[in-house]
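The primary structure of each chain is shown beneath.
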Amino acid sequence: MIQERVLSRSLRLMFSGGVVASMGLLALPAMAQNAPTDNQPMQRVEITGSSIKRIQKEGSLPVQVLTAAEIKQTGATSATDLIQMLPSMQGFVPASSSVNGGGAGVTTASLHSLPSKYTLVLLDGQRVAPSALGTGQGGGYSVNLSSIPLEAIERVEILTDGASALYGSDAIAGVVNFITKKNLTKGEVFATYGQPKKNGGKWSSAGLTKGWGDLESDGWNVLASYSHEEQQRIAALQRDFSAPGAFFKFSSNGKQYYYDQRTGNTEPANILFNARPKGTTADTAGYAINPYLAANGNCGNPLAGPSGTQCLFNYASTVEDVPGTVRDSGLLKGTLKINENTTAWAELVLSQFAMTAQYAPSAQQMGVNATDRFPALYQKYVQSYLDANGLENPSGNATLNYRSVLIGGRADKYETTARHFATGIDGSAFGWTYNAALILSESKIKDTAAGGYTDFGMLNDLVAQGKYDPVTGQGASQLQPALLNGTVFSRTKSTLNTLHAGVQHDLFSLPGGTSIISLGGDYTKTKYTTDYHPLILSNSGFVTQPASSNYPVGGNYGQVPFSAKRDNWGLFTEVLLPLHKTVEATVSGRYDSYDKVHSDYIFGSVPNADGLLPLLPSGDIGNTASAGTYKLSLKWTPTDTLLLRAAYGTGFKTPNLSDVAGANTYNGSTAGSYICPFPGSAGCQPRQSQYDLLIGPNSQSGSAGLQPEKSKQWTLGGRIEPLPGLSLGLDLWNVQIRDQILSAGVPEQEGFRDPQTYKSLFVNPYYDPAGYTTIAYLQAPVNGGVANYRGIDWDFSYRSKTAIGDLRAAWNGTYMLKQNYTTQGNGTVYSDLGRFGQDNAVVFRVQTNLSLSLTNGKLTNLLTAHYKSGYRDQEYPFGSAISTVNPDGSVGDPIAFNGRDGAPEPLRVPSYTTFDWQGKYDFGNFALTAGIKNLFDRNPPLTLQNAGGGNQVGYDGRYTDPAGRSFYITGNYKF
């Protein structure tokens, strides 16, 4: 066997492009613990980003690695926490997005600000069933990190370069590979408890891992691991930066303003109507009154306040900053050595994850009139006001702006059940090594009403019978039977079954060594199914007729269940060419073929012009897709202390199942308020208003259907070690995507800005499921234009022995140079880089982590800094949301913010830096760790965005930590 030299070992350990890389928080200590002795023979291992098992050394692609020891040093309690704190991650779906932001209990990984669907997440190098939920921030069809059992993970490998030529369609941004523990014979038990300084947000976890049998001596090994984790919620009222909710003062350019986005939907309800002086033919004027306020001088609850003659409700004070979660997960793995050359294995990963997210009480507008729609309420409140003030209402109609405050906020319990079973065989024969594997992976998500939702039909009856008065709140106890607590709103199931096989063989000798070839293929069947409670099923015509009279108040409705599936296969090859002892080239290629999507509609109730309810068609929809991709990479090591590398590759991405299958369904209201896009049309609303949104697939075939996305990417970088203990790595990377599929469709801001160009995306008139006429905007997937991403990743590390102990430092980060996209071929170029973009997201110019540690004997202290650069806040979208401050401190006149007429430019959100400290004392078999997160108790910076990842206001929960200073302690015992 070839022996590993000290310098080559140093390169292997220090570079970010090999199997073991220095990365993030205290990478160096783990390197020292895992380094082989100088006499230890080198072993061939499989590297993320390569199908070739080769001598363990630095590769030509940038791979970052976190070992189990490094994972513990981060203080992360879940795979989500671990991955989303890395500087190379941007644009993911965080837990806060599940607070009415579309997250649906899903969290994702996202490399280099590309949407999550471009980052492939693997478990032991194998694909995992994705989730079609979690689209609130570009989740797309991505793996739910919440289902990954962190305690069972031995290390995480992150390939930060595109890998479609090896892994297939969804690895354009890169790969995150969770490697589970294996061949352990000992056991380990741990327990953790953590608590913020402020109320809310406590967390705890405990777990056990035990192995039996040594693979080498006994010929078999069985490993079992189990862990339980709990995270307590943090309510907005428990933090001073979120407690003000949607009503607070702020300063800009030395002037003070009020931010007021409270809503007119409240309880006791406001009443809106048009009136004019009695006996005249004058134009009517709008009136907004609150009879409870007029009678009592207050608004009946502490989160509502008077504004003129009506009450405004502070909805954002009722939401959660962090939803509560519970996770149980386990791993069972068995390995059997059949003979000297053949090993069989099987593993089962099970995970049960529950997230309960609470947000504002349900809002519901209710029509009343003098004849057949709650006439008693009309006479009692509207007609009496008209008579007392000498007015008349020619239409006889009024609207109650109601919110079910007295029965509490809405809450959804999202339960994710994941099962991943894989079995395979590895061996060698006739000079070839081979591997084969069968993967059966499944992910289920159930959405259950956990509070605040009511049955509209029952609510309507209670009001009509006079048992409940929404104008005064009297009789609120009568609403209890109408609550939908425990109702399962929806169930989704995603399955992915894969059969994989590969072989490799030495080819011929080259000046640098022996070339190696690998060949392989895989066949995959993917299926996605969704079903809904009858209250949520579509009975609205989208165009042709009014809605059903019943639905969950404040919930999703107008949905169509369906089932979709697709098969695909791929072939790949890779050749390693050691051209010289200092030059190594790798060439890889892949061919993929995807069938059309086969869709079966479980329930189809979309009325046609005749009012009939035909079943939506089942069968093959969309387009087939096939493409070849390739990757070329080169590594040059002119000296033992310098490495240079370069890579160029292509990729392609097929439409997700959820992009192609399904039906156009109601999806709430636009985030912004707009003037009518088609003046004079039947669906126009008065003044600036919110309009309805529809979401749906693009099921068409041929040129009108979705086409595959295609990408080109390159990387140029290297590493130098100018001094003993000092290692400096830098990689410049670039990704360009053509025909990018905008899964959420053309952003509403773009559509309403140019309605003639996007006229086909508007439905006018549209009959809202609640029964009124408006205009709807369809956000269906389209092939957009071109998206560009470019940046620099760096990874610097230093270690030195000093008189007071071993000193180690690591600094890594990402500097974004470019991020832009178009929504059509030659359309307007948009960018989120350093600003809150039109797609309601931010791309940070700089994200970085810096860590310093000192080990003295058995004691290690670690200090880590996390930094995000500042950005320009969004343009103020609502003219009435910002007001001046009167001399007495009261709310002044509203300002229409457009950067002119004395109004300030959008805020500059400052940079955000937090520090973590951790201390560990190793007693031998027992280790005690204590730590403080957010050491200096830094609050999130102020932002006025209101269309981000959730219902939080005053800060952006996607980018900052609302917990504040938090303390934790962990005990580990090995036996």
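Residues numbered from 1 in each chain as written. Predicted model: local features only at pLDDT ≥ 70, side-chain atom pairs only at ≥ 80, totals over all residues. Heavy atoms only, no water.

1. Brief notes about the overall build of the protein
Moving on, step 1. Across its full length, the protein carries 10 helices and 55 strands.
Moving on, step 2. Taking contacts inside the protein between residues at least 6 apart in sequence as the whole, the part at least 24 apart equals 73%.
Moving on, step 3. Just so you have it, the protein exposes about 37,800 Å², and 56% of that area is on carbon and sulfur atoms. (Helix = DSSP H or I, 4+ residues; strand = E, 2+ residues; numbered from the N terminus. Contact = heavy atoms within 4.5 Å. Areas by Shrake-Rupley, 256 points an atom, 1.4 Å probe, with all protein chains shown as cover.)

2. As for helix α8 (residues 456-464)
Moving on, step 1. For α8, every residue scored as buried is listed here: Phe456, Gly457, Leu459, Asn460, Leu462 and Val463.
Moving on, step 2. Looking at the packing, one finds that the buried side of α8 touches β21 (363-369), α7 (375-388), β23 (397-403), β26 (454-455) and β29 (552-553).
Moving on, step 3. One side-chain oxygen of the residue at the start of α8 lies 2.9 Å from the amide nitrogen of glycine 457, identifying that residue as aspartate 455. (Buried < 20%, exposed > 50% of the residue type's maximum accessible area, 1.4 Å probe, protein only. Polar contact = N/O pair within 3.5 Å; in protein donor to acceptor, adjacent residues only side chain to side chain.)

3. A look at the sheet that holds strand β37 (residues 692-695)
Moving on, step 1. Taken in spatial order, the 4 strands line up as β36-β37-β42-β41 in an open sheet, and their pairing is mixed. Edge strands, defined here as strands with exactly one partner in the open sheet, are β36 (665-669) and β41 (762-767). With direction set aside, neighbouring strand axes in the sheet form an average angle of 40°.
Moving on, step 2. As paired strands, β37 and strand β42 (residues 773-779) are joined by 4 bridges and run parallel to one another. Directly across from isoleucine 695, in β42, lies its bridge partner glutamine 779. (Pairing = 2+ DSSP bridges. Axes fitted to C-alpha atoms, helices over the stretch in contact; angles between N-to-C directions.)

4. Description of unusual backbone geometry
Moving on, step 1. Cis rather than trans, the peptide bond between glutamate 267 and proline 268 has omega equal to 0°.
Moving on, step 2. For proline 268, the position within the fold is in the loop between β13 (255-260) and β14 (270-277).
Moving on, step 3. In this structure, proline 765 follows asparagine 764 across a cis peptide bond, with omega equal to 5°.
Moving on, step 4. Topologically, proline 765 is positioned in strand β41.
Moving on, step 5. The backbone phi angle of alanine 104 is positive, close to 55°, even though this residue is not glycine.
Moving on, step 6. Position of alanine 104 among the secondary structure elements: in the loop between α4 (79-84) and β4 (119-123).

5. Quick look at the environment of leucine 716
Moving on, step 1. Relative to the helices and strands, leucine 716 resides in strand β38 (residues 709-720).
Moving on, step 2. On a C-alpha basis, the gap between leucine 716 and aspartate 731 in space is 5.7 Å, while along the polypeptide they are 15 residues apart.
Moving on, step 3. Ignoring any residue separated from it by four or fewer positions in sequence, one finds leucine 716 in contact with Arg645, Ala646, Leu730, Asp731 and Leu732.

6. Examining the side chain of threonine 487
Moving on, step 1. Along the chain, threonine 487 falls in the loop between α8 and β27 (488-510).
Moving on, step 2. Residues within four places of threonine 487 in sequence aside, it is in contact with Asp447, Thr448, Ala449 and His533.

7. Some words on the confidence of the model for the protein
Moving on, step 1. In the predicted model, the protein carries a mean pLDDT of 85, and the fraction of residues at 70 or more is 88%.
Moving on, step 2. This stretch, residues 540-548, has a pLDDT under 50; its non-local contacts, to residues over four places away or in other chains, come to 33 contacts.
Moving on, step 3. Contacts for the low-pLDDT stretch residues 603-615, under 50 throughout, to residues beyond four places or in other chains number 27 contacts. (pLDDT = per-residue confidence, 0-100.)

8. Some thoughts on the packing of aromatic side chains
Moving on, step 1. Scanning the model with the defined rule gives 32 aromatic pairs in all.
Moving on, step 2. Ring geometry for phenylalanine 241 against tyrosine 955: centres 5.2 Å apart, planes inclined by 80°, an arrangement best described as edge-to-face. Of the two residues, phenylalanine 241 sits in the loop between β11 (234-235) and β12 (247-252) while tyrosine 955 sits in the loop between β54 (926-933) and β55 (966-974), which places them 714 residues apart along the sequence. The pair formed by phenylalanine 241 and tyrosine 955 is uniform in burial state, with each residue classed as buried.
Moving on, step 3. For the ring pair tyrosine 287 and tyrosine 385, a centre distance of 6.4 Å and an interplane angle of 65° mean the geometry is edge-to-face. Taken together, the residues span a long stretch of sequence, with tyrosine 287 in strand β15 (residues 285-289) and tyrosine 385 in helix α7 at a distance of 98 residues. (Phe/Tyr/Trp six-rings, centres within 6.5 Å; stacked < 30°, edge-to-face > 60°.)

9. A look at the sheet that holds β12
Moving on, step 1. Sheet architecture is open: 4 strands sit in the order β12-β13-β50-β51, paired in antiparallel fashion. Each edge of the sheet is formed by a strand with only one pairing partner; in this case those strands are β12 and β51 (891-895). The sheet shows a mean angle of 40° between the axes of neighbouring strands, direction not considered.

10. Some thoughts on the pairing of β54
Moving on, step 1. Here strand β53 (residues 912-922) runs beside β54; their pairing, made up of 6 bridges, is antiparallel. Its bridge partner being in β54, tyrosine 921 is matched across the sheet by leucine 928.
Moving on, step 2. Strand direction decides the pairing type here: β54 and β55, joined by 8 bridges, are antiparallel. The partner of alanine 927 across the bridge, within β55, is asparagine 972.

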